[in-house]
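Geometric and topological summary
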Amino acid sequence: MSGEALAGPDGRLRCPWGLSTADYVVYHDEEWGRPVHGDDALFERLCLEAFQSGLSWITILRRREGFRRAFADFKIPAVAEFTDADRERLLADEGIIRNRAKIDATLANARVLADWRPGELDELIWSYAPDAARPAPRTIADVPAVTDESTALSKALKKRGLRFIGPTTAYALMQACGLVDDHLVTCVARGAGRG
């Protein structure tokens, strides 16, 4: 595979990863790289990217509704109130990834974020969006795993008490939430959702 955009069943060019499953086609076309705002929505993405660490994204994507049920639709105040009984429930929930460290980080992060003012998470994350657009990637080899901005975002979130958010996870969050547009230059979704 050259790493360049490939034609899908409909003949439209897409990033190669976006064609590997039907679930990916929908996620690639309708969600990845489009701007996401709102504390709860960004908390969900932050949590899911942390759960993805060490796993394939399709594993998380296919369990997304299970995660939403298990974590009260990622409403920060609700998750911040989870008890030890909730933690045990999560560790037994086959609809999610039952990783103790990731579950504990999600609960701890919700407790930290519950003390932030409304909109503060959104403002903080989006303050790390690159000022200048870099050239559109031509192949998947042109897409970085970490950037100066993702390293700085990771440090800022950790300094504020958040866990399980390294520079690679921070960059995946930036890609998924539209802070950067890493759709390939010829991809049909390049620039989608931007005004």
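Residues numbered from 1 in each chain as written. Predicted model: local features only at pLDDT ≥ 70, side-chain atom pairs only at ≥ 80, totals over all residues. Heavy atoms only, no water.

1. Comments concerning the pattern of salt bridges
The full count for this structure, using the stated rule, is 17 salt bridges. Note that Asp29 and Arg12 form a salt bridge whose closest N and O atoms lie 3.6 Å from each other. With a gap of 17 residues between them, Asp29 in helix H1 (residues 22-30) and Arg12 in the loop between strand S1 (6-7) and strand S2 (13-14) connect regions that are remote in the sequence. According to the relative accessible area criterion, Arg12 is partly exposed, its value standing at 39%. With a closest N to O distance of 2.4 Å, Arg160 and Glu120 form a salt bridge. On the criterion of sequence distance, the pair formed by Arg160 in the loop between helix H9 (148-159) and helix H10 (167-176) and Glu120 in helix H8 (residues 120-126) is long-range, its members being 40 residues apart. (Salt bridge = Lys/Arg side-chain N within 4 Å of Asp/Glu carboxyl O. Helix = DSSP H or I, 4+ residues; strand = E, 2+ residues; numbered from the N terminus. Buried < 20%, exposed > 50% of the residue type's maximum accessible area, 1.4 Å probe, protein only.)

2. Description of the environment of Lys155
Along the chain, Lys155 falls in helix H9. For Lys155, a relative accessible area of 58% translates into the label exposed. Between the C-alpha atom of Lys155 and that of Ala92, which follows or precedes it by 63 residues, the distance is 32 Å.

3. Some points on the UniProt feature "binding site: Zn(2+)" (unreviewed entry) in the chain
UniProt's entry tags Cys15, His28, His183 and Cys187 with the feature "binding site: Zn(2+)" (unreviewed entry), counted in the numbering of this structure. The largest pairwise C-alpha distance within this set of annotated residues, which runs over 173 residues, is 10.2 Å, so the set is compact in three dimensions. In this structure, Cys15 sits in the loop between S2 and H1. Overall, the relative accessible area of 1% leaves Cys15 in the buried class. (UniProt positions renumbered as here; feature names shortened; annotations may be inferred.)

4. A few points about H10
Buried residues dominate H10, accounting for eight of its ten residues. Among the residues making up H10, those that are buried are Thr169, Ala170, Tyr171, Ala172, Leu173, Met174, Gln175 and Ala176. Against H1, helix H2 (39-52), H8 and H9 lie the buried residues of H10. The first or second residue beyond H10 is Gly178, which carries a positive phi of 80 degrees. (Contact = heavy atoms within 4.5 Å.)

5. Here's the deal with the packing of aromatic side chains
For the structure shown, the criterion picks out ten aromatic pairs. Where Trp17 meets Tyr24, the ring centres are 5.5 Å apart and the plane angle is 90 degrees; that geometry is what we call edge-to-face. When its relative accessible area of 25% is taken as the criterion, Trp17 is described as partly exposed. Aromatic side chains Trp17 and Trp32 sit 5.0 Å apart centroid to centroid with 75 degrees between the ring planes, which places their arrangement in the edge-to-face category. Pair noted here: Trp17 is in the loop between S2 and H1 and Trp32 is in the loop between H1 and H2, with a separation of 15 residues, a long-range link. (Phe/Tyr/Trp six-rings, centres within 6.5 Å; stacked < 30°, edge-to-face > 60°.)

6. Quick notes on the state of the cysteines
Considering all chains together, one arrives at zero disulfides under this definition. Cysteine Cys177 remains unbridged, with the sulfur of Cys47 as its closest cysteine sulfur at 11 Å. Look at Cys177 and you get buried, because its relative accessible area is 0%. Cysteine Cys187 shares no disulfide, and the gap to the nearest cysteine sulfur, in Cys15, comes to 3.8 Å. (Disulfide = S-S within 2.5 Å.)

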